[in-house]
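Residues per chain are reported as follows:
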Amino acid sequence: MLLKLSTEHYEHLSFLNKIEPDVASEFASISLKFLHSGINRKMFKLASQKLQVEIEEVENCIIGLMQLFVEATKNKLSDVDFCDSLIVHGFTPDLASALKDLYSEHAKATGSRIGANAPKLPRYKNMEWRLDVKLASRSLHNQLEPSVQLKLAIENFAGTETKLVKADVPTLLHMISELEGALTENKSKHVQRFVRNIS
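Residues numbered from 1 in each chain as written. Predicted model: local features only at pLDDT ≥ 70, side-chain atom pairs only at ≥ 80, totals over all residues. Heavy atoms only, no water.

Asker: Go over the overall build of the protein with me, naming the residues and quoting the values.
Answerer: If you tally the helices and strands in the protein, you get 8 helices and 3 strands. Put simply, the protein runs from its N terminus to its C terminus through helices and strands in the order α-α-α-α-α-α-β-β-β-α-α. Taking 16 Å as the expected radius of gyration for a compact globule of 199 residues, we find that the protein reaches 27 Å, considerably beyond that expectation. Its C-alpha atoms put the protein at 90 × 30 × 25 Å along the principal axes. In the protein, buried positions account for 27% of the 199 residues. (Helix = DSSP H or I, 4+ residues; strand = E, 2+ residues; numbered from the N terminus. Rg over C-alpha atoms; globule rule 2.2 N^0.38 Å. Buried < 20%, exposed > 50% of the residue type's maximum accessible area, 1.4 Å probe, protein only.)

Asker: So, the sheet that holds strand β3 (residues 159–168): which residues are in play, and what are the values?
Answerer: One key point about sheets: their strands pair by backbone hydrogen bonds, in either a parallel or an antiparallel sense. In space, the 3 strands of this open sheet follow the order β1-β2-β3, with antiparallel pairing throughout. On the outer flanks of this sheet lie β1 (123–134) and β3, each paired with one strand and no other. Direction aside, the axes of adjacent strands within the sheet are offset by 15° on average. Strand direction decides the pairing type here: β1 and strand β2 (residues 145–156), joined by 11 bridges, are antiparallel. (Pairing = 2+ DSSP bridges. Axes fitted to C-alpha atoms, helices over the stretch in contact; angles between N-to-C directions.)

Asker: Explain the packing of aromatic side chains to me, using residue names and the numbers behind them.
Answerer: In total, this model carries 4 aromatic pairs according to the counting rule given. Relative to Phe27, the ring of Phe15 has its centre 6.2 Å away and its plane inclined at 25°; by these criteria the two rings are stacked. With a gap of 12 residues between them, Phe15 in the loop between α1 (7–13) and α2 (21–37) and Phe27 in helix α2 connect regions that are remote in the sequence. Assessed through its relative accessible area of 3%, Phe27 is described here as buried. Taking 6.0 Å as the distance between ring centres and 15° as the angle between the ring planes, the aromatic pair formed by Phe69 and Phe82 counts as stacked. Of the two residues, Phe69 is situated in helix α4 (residues 55–74) and Phe82 in helix α5 (residues 79–88); the sequence distance between them amounts to 13 residues. Exposure class is identical for Phe69 and Phe82. Each is buried. Connected via pairs of aromatic rings, a cluster forms that spans Phe69, Phe82 and Tyr103. (Phe/Tyr/Trp six-rings, centres within 6.5 Å; stacked < 30°, edge-to-face > 60°.)

Asker: I'd like a description of α2, backed by residues and values.
Answerer: Taking 1.5 Å of rise per residue, 17 residues should cover 24 Å, and α2 covers 24 Å from first to last C-alpha, within 8% of that figure. Looking only at α2, the buried set comprises Ala24, Phe27, Ala28, Ile30, Ser31, Leu32, Phe34 and Leu35. Two residues or fewer after α2 comes Gly38, characterised by a positive phi angle close to 100°. (Expected span 1.5 Å × (residues − 1).)

Asker: How would you explain the packing of α2 against α4 if you had to name every residue and give the values?
Answerer: Where α2 contacts α4, the axes come no closer than 9 Å and their chain directions differ by 65°. Taken together, the axes of α2 and α4 lie roughly perpendicular to each other. At the point where α2 passes α4, the crossing takes the right-handed sense. Every residue of α4 that contacts α2 at Phe27, Ala28, Ile30, Ser31, Leu32, Phe34 and Leu35 is listed here: Val58, Cys61, Ile62, Leu65, Met66, Phe69 and Val70. For the contact of α2 with α4, the residue count by class is 13 nonpolar, 1 polar and no charged. (Parallel < 35°, antiparallel > 145°, perpendicular 65-115°, else oblique. Left-handed = near helix turned anticlockwise from the far one by under 90°. Contact = heavy atoms within 4.5 Å. Nonpolar A, V, L, I, M, F, W, Y, C, P; charged D, E, K, R; others polar.)

Shown next, in the form of structure tokens:
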């Protein structure tokens, strides 16, 4: 799988072809450092003064490199695919190889950083259930009213949370129908593509 760059992203990264390969490698190292520790805007000014170019060019290039590494890590590109993606977009093989080496060296750390910043949604942990049947009341002697009590254990960022749900049979059947529909929708290509892009 090759990575597709937008026109704007490509324009930002094309600055790498205008500078020396060792400076381009330094830019890539800085972008990876920024991914892990945050952006330091003073570095943009220093680099722009050293290279005698506009600050925006340096900033766009480094942020473009950050986006490149994040997208490659999200899509789990192999080293060969990463290198080929850059060569296809007109980067020199030497530059593509240098960026590939940095990508493969930092892919695991970048992936864990992306995972740490991802939203933590509640997750199912356990469920206990009990069937209650009301057989009679004072006014109705022959009555059959089944209901189900569910005790759901859900894990979230604060720990495990317990929810109690009481449902009659029609409501329970509706819940089952909705959950089966969600499972069916989860197998669709659109949802799988969406999940792949956020994870």
